[in-house]
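Summary of the model geometry
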Amino acid sequence: MIFTTQQFAEIDTALRRGKHISRSEIGTYEFITQNFDDFDSFYAAYGTRLIQHPDGFFFLLAKGGLMPTRILSRAAMHLGMFIAFKRRDPDLTRSDGRMSISGLIQDLETSVPAETLAKVYAPKQKASLEGERIHTEVMKALKVLAELDFIETSGDQLIANEAINRFAELAKHSNAPSETAKMGLEAQRGVVFDITEEMTGEDGDDGTD
Amino acid sequence: MSEAATDQHIRAAYDVVAQRRDFHLEPRDVAILVLMLHELSRRSAQTFSISAESLRALSIKADTFEGLPPAGSERRFTESVSRLLKAEALARADMTRIRNSDDAQYQLTSLGESLANWQVQQIKFDGEPLGAILAAFNVQLSGIHEAAEMATEDKAWHERVSLPMQYVIRELLSAVQRHQRELDREHEEIRAFVPTLLKESSETSIDRCKGVLDMVMKTIQDLVHVTVDVSNAAFGLLAHIEDVGERQSRVDTPGLCEDVRHRLESITEWTNDRHKAWGTHFDTVHSYLRFVSHVDRTRRITDSLKEAIAVVPEWTLQVVDCPRLPILRERSVSAGERAVMKRARRDYQVDSESVRPDQFPQRLRDIINEQLLSGAARWSDVIGIALKEQLQVRIVSKLPELMQQMVSSGNLNRESRQYREVAPGLIVEELEVTKK
């Protein structure tokens, strides 16, 4: 019976906060792997599923169950995709996968068209204040990504975890998934295509169901 | 050395200068030599030469190491071949001297092969010397231990224990530290080299990358074991030497042993640090191989991500959200302590105090007018009169106002501008106005 153990309580709390559990947390990862069936049946009662992504990490997927959900803001999505892209740079292995946050922001400003940056990070901002707003929104988005364990931050450094690959779900389908693939992504990967204005993240929070 | 051999060397040296032999090679030329050696070793044992076409492909590969664009690759290839031929690191293998250079065959000369081999030797990450140094250190320490057991006189102790111990500390352990620095440098070079293999993303380069990582990891693991074994043995020997020293009341022994112990600990710490660092690097590169190299060999996903970040995302991810619990106040304040709320008073009495307006500016105006009646008003005179009635500090604060009043009350006399002392320590430049 794992449900009365402290380790279960800790993992359950983390998963309910939307956290992703990667191989880097070896003890926790092992515990879930060994007791996957127990976890699965436990969350089934909530109408929720514990998913093991093909890249190895675990996360909870709740659709219409008892657990509340939220969707990530446009800023968090865009930044997640950008970090997933940067993580695929072989040169990053030299620094053991560590990126500097200031460097990341600079890269973002040079790699992404200014118009896209403004629409994603400062959609309702005057042009003169866009730069400052973009910086603020990027920092907020980083906080969200760190809270969900997509990344780990320490000072000016960040390391992307395996879970960052969730932001490459559409890229695996060359950004144009078929209708069948879309259904699979919605059901198995927690992808949402029907997006609303809640996603803009202008108020600083992600949308909540 | 025989006289004939000496003569040969001198003639060779003279020959180099006389014939103006030019061995100048660019780094990319040496890279081509190494790639050529690799290419030849990959082929069957009978092959000694490669075609111009294959050499061109190797030159393009060297271009990618330098991050150079495809434009100009042919020029760089021709220049490299020309330099290599001139330096006699490369030779034409087609004895018939085919006119068309595209049909030419090239082979490495003994100089070219030695250069390439030397370069390969340079990047071999080898911890063996460090193990050997540490083992030699223990042999030395063991000898000192034996000498300590036998030394009974001060002189013998000094010559056979104290001095060798100081030598051990200075020389052997310094050699270890030098070697550590060398290993660190090699470590950095390998770290820089791994991304070039990952960028190639071919089956061969991935295997090579894994090979390099495994080799370094094994070397470091061996080094950790050697260091632990050697230091354990050394700590034992040091304890014995210290015991003998204590028995014979040698005052310098504890200090020397402590110094060696301290340095040994720092070596062990260094080895453990590098082991940990390489473990992290090993995991990072293997994670890259698992999630990027193996699943995205053609970089289709990476390119799609690059395209995706250029536009506003039209999809999102759903994540579980913990219920938001209301945060309650810690304790409610008891009724007795709670401050009574009061309606703001609207019937209050306004207490007013009448303050007389400042009379001093007017007094200054009067003084100016009085002075003007006599024909002219001088800044120093007005201040002098005012000083009799008011404090100096008050007057100083009104000087700008006074100046404005004077200028507006009369005509400015530009000739009267000498300095005058109007009070002890208060010197002003004169300002005189005459009646309008």
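Residues numbered from 1 in each chain as written. Chains lettered and ligands numbered in written order. Predicted model: local features only at pLDDT ≥ 70, side-chain atom pairs only at ≥ 80, totals over all residues.

Some remarks on the overall build of chain A
Secondary structure assignment for chain A yields 8 helices and 8 strands. At a minimum sequence separation of 6, the contacts of chain A that also span at least 24 residues come to 57%. (Helix = DSSP H or I, 4+ residues; strand = E, 2+ residues; numbered from the N terminus. Contact = placed C-beta atoms within 7 Å.)

Thoughts on the interface of chain B and chain A
At the junction of the two partners, chain B supplies 36 residues and chain A supplies 50 residues. When residues of the side of chain B that touches chain A are assigned to their parent elements, the largest contribution, 8 residues, is made by helix H10 (residues 300-308) of chain B. For the side of chain B that touches chain A, the class distribution of residues is 22 nonpolar, 7 polar and 7 charged. Relative to strand E4 (residues 316-320) of chain B, strand E3 (residues 69-71) of chain A is paired through 3 bridges, and the arrangement is antiparallel. Following the sheet pairing, Arg70(A) is matched in E4(B) by Val319(B). (Nonpolar A, V, L, I, M, F, W, Y, C, P; charged D, E, K, R; others polar. Pairing = 2+ DSSP bridges.)

Here we look at the confidence of the model for chain B
All names here are of chain B. Per-residue confidence for chain B gives a mean pLDDT of 81, with 88% of residues at or over 70. Per-element confidence in chain B is highest for H10, whose mean pLDDT is 94, and lowest for helix H1 (residues 3-18), whose mean pLDDT is 77. Here the complex is predicted with pTM 0.61, and the ipTM for its interfaces comes to 0.91. (pLDDT = per-residue confidence, 0-100.)

Quick word on unusual backbone geometry
A positive phi angle is found at Asp149(A), which is not glycine, with a value near 65°. On the secondary structure map, Asp149(A) appears in the loop between helix H7 (130-147) and strand E5 (151-154). Located in the positive-phi region is Glu88(B), a residue other than glycine, with phi close to 60°. Mapped onto the elements, Glu88(B) comes out in the loop between helix H4 (73-86) and strand E2 (90-92).

Details of the sheet that holds strand E3 (residues 105-108) of chain B
Residue and element names in this part refer to chain B. With antiparallel pairing, 3 strands are arranged side by side in an open sheet as E1-E3-E2. Here the strands that pair on one side only, and so sit at the sheet edges, are strand E1 (49-51) and E2. Adjacent strand axes in the sheet meet at a mean angle of 35°, parallel and antiparallel pairs treated alike. Direction of pairing for E1 relative to E3: antiparallel, over a ladder of 3 bridges. In the sheet register, Ser 51 faces E3, and the bridge partner there is Gln 105. Across the sheet, helix H3 (residues 52-66) touches E1 and E3, and the angle it forms with E1 is around 85°. (Axes fitted to C-alpha atoms, helices over the stretch in contact; angles between N-to-C directions.)

Comments concerning the sheet that holds E5(A)
Each strand in a sheet pairs with its neighbour through backbone hydrogen bonds, running either in the same direction (parallel) or in the opposite one (antiparallel). Residue and element names in this part refer to chain A. The 3 strands are arranged E4-E6-E5 in an open sheet whose pairing can be described as antiparallel. Two strands bound the open sheet, and with one partner strand each, they are strand E4 (98-100) and E5. Taken pair by pair, the neighbouring strands of this sheet meet at an average axis angle of 30°, ignoring direction. With 4 bridges joining them, E5 and strand E6 (residues 157-160) adopt antiparallel strand pairing. Paired with Glu 152 across the bridge in E6 is Ile 159.

Describing the pairing of strand E8 (residues 426-429) of chain B
Residues and elements named next belong to chain B. Bridge count for strand E7 (residues 419-423) against E8 is 4 bridges, and the pairing is antiparallel. When the sheet's bridge partners are listed, Arg 420 is paired in E8 with Val 428. Between the antiparallel neighbours E7 and E8 lie 2 residues, among them Gly 425 with a positive phi of about 85°.

Some points on helix H7 (residues 154-200) of chain B
All names here are of chain B. Over its 47 residues, H7 runs 67 Å from end to end, which matches the ideal 69 Å to within 8%, given 1.5 Å per residue. Approximately 30° is the largest bend angle found in H7, and it occurs at Val 168. Once H7 ends, the next one or two residues include Ser 201, with phi positive near 60°. (Expected span 1.5 Å × (residues − 1). Bend = angle between axes of the 7 residues up to and from the residue.)

What about the packing of H7(B) against helix H9 (residues 253-293) of chain B?
All names here are of chain B. Put simply, H7 and H9 touch, their axes get as near as 11 Å, and they point 10° apart. Regarding the angle of H7 to H9, the classification is roughly parallel. Contacts from Ser 162, Met 165, Gln 166, Val 168, Ile 169, Leu 173, Val 176, Gln 180, Arg 191, Val 194 and Leu 198 of H7 reach H9 at Leu 256, Asp 259, Val 260, Arg 263, Ile 267, Trp 270, His 281, Val 285, Tyr 288 and Ser 293. For the contact of H7 with H9, the class distribution of residues is 13 nonpolar, 5 polar and 3 charged. (Parallel < 35°, antiparallel > 145°, perpendicular 65-115°, else oblique.)

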